[in-house]
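Structural description and commentary
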Amino acid sequence: MRNFTSGKIGWVDYKNCLAVGGDEQGLYLVPNLIFRPFHPPLRIPWSEIHDREITSFFFMKSDSFRAGEHSTRIQLRASVTEPLDSYLPPVN
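Definitions and limits used
- Residues numbered from 1 in each chain as written.
- Predicted model: local features only at pLDDT ≥ 70, side-chain atom pairs only at ≥ 80, totals over all residues.
- Heavy atoms only, no water.
- Helix = DSSP H or I, 4+ residues; strand = E, 2+ residues; numbered from the N terminus.
- Rg over C-alpha atoms; globule rule 2.2 N^0.38 Å.
- Buried < 20%, exposed > 50% of the residue type's maximum accessible area, 1.4 Å probe, protein only.
- Areas by Shrake-Rupley, 256 points an atom, 1.4 Å probe, with all protein chains shown as cover.
- Lys, Arg positive; Asp, Glu negative; His and termini not counted.
- Charge placed at Lys NZ, Arg CZ, Asp CG, Glu CD.
- Patch = residues over 30% accessible without salt bridge, like charges linked within 9 Å, V, L, I, M, F, W, Y side chains within 5 Å.
- Salt bridge = Lys/Arg side-chain N within 4 Å of Asp/Glu carboxyl O.
- pLDDT = per-residue confidence, 0-100.
- Contact = heavy atoms within 4.5 Å.

Counting secondary structure elements, the protein contains one helix and seven strands. Starting at the N terminus, the α and β elements of the protein follow one another as β-β-β-β-β-β-β-α. Taking 2.2 N^0.38 as the reference for a compact globule, 92 residues should give roughly 12 Å; the C-alpha atoms of the protein span a radius of gyration of 12 Å, in line with that estimate. Structurally, the protein occupies a C-alpha span of about 35 × 30 × 25 Å along its principal axes. Going through the 92 residues of the protein one by one, you find that 36% of them count as buried. If you sum the accessible surface of the protein, you get close to 6,000 Å²; carbon and sulfur atoms cover 56% of it. Put simply, the protein has 10 plus and 10 minus side-chain charges, and the middle of one group is 8 Å from the middle of the other.

Put into C-alpha cells, the structure is as follows:
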C-alpha cells in the first residue's frame, strides 16, 4: 500500500490523499481518513481494468486505464503502479 499519493478518478483529482494498493483480487484505492465519509474505499477487480496507457509529461510518467462498467478513467503515477504490473493488463 502506498500512502499519500495523487491520482485522478474520472473528473475528481485526489492530490496526495490516496492510498493505493493491490493483491490477487484487485486494485485498492482508499482516500485518507478525513475524506472517507464522502468517498468510500474502492476495490476494482483486475478483470475490470482495460485500455491501459503509459504517458509522460516532462519527467513524470502516468499510468492511466479504464475500469468498471462505465469505463471510468483512472490515472495514477506510474511509480505507484509498477509493483502491480504483474496484475495489470499490458500497455496498449
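In this section: a nonpolar patch on the surface. Taken together, the side chains of F57, F58 and F59 define a hydrophobic patch exposed on the protein surface, amounting to about 530 Å² of accessible area. As for its placement among the helices and strands, F58 is situated in the loop between β5 (49-57) and β6 (60-67). Assessed through its relative accessible area of 72%, F58 is described here as exposed.

As a working rule, side chains carrying opposite charge can pair if their charged atoms are close by. Following the criterion strictly, the structure yields three salt bridges and no others. The salt bridge involving D85 is made with R52; its shortest N-O contact spans 2.6 Å. Pair noted here: D85 is in the segment after α1 (78-81) and R52 is in strand β5, with a separation of 33 residues, a long-range link. On the basis of relative accessibility, which here comes to 5%, the residue R52 falls in the buried class. Three or more residues are tied together by salt bridges with common partners; here these are R52, D63 and D85.

Mean pLDDT over the protein: 91, with 100% of residues reaching 70 or higher. Mean pLDDT across the elements of the protein bottoms out in strand β2 (residues 12-22) (92) and peaks in strand β7 (residues 72-77) (95).

Moving on: unusual backbone geometry. Working note: non-glycine residues mostly have negative phi, and peptide bonds are mostly trans. Although it is not a glycine, F58 adopts a positive phi angle of roughly 55°. Positive phi, close to 50°, is recorded for S71, a residue that is not glycine. Within the secondary structure layout, S71 lies in the loop between β6 and β7.

So, about the environment of W46. With respect to the helices and strands, the residue W46 is situated in the loop between β4 (42-45) and β5. Once the C-alpha coordinates of W46 and A67 are considered, the two residues, 21 residues apart in sequence, prove to be 8.8 Å apart. Leave out the neighbours within four places in its chain, and W46 touches G22, D23, E24, Q25, G26, L27, L84, Y87 and L88.

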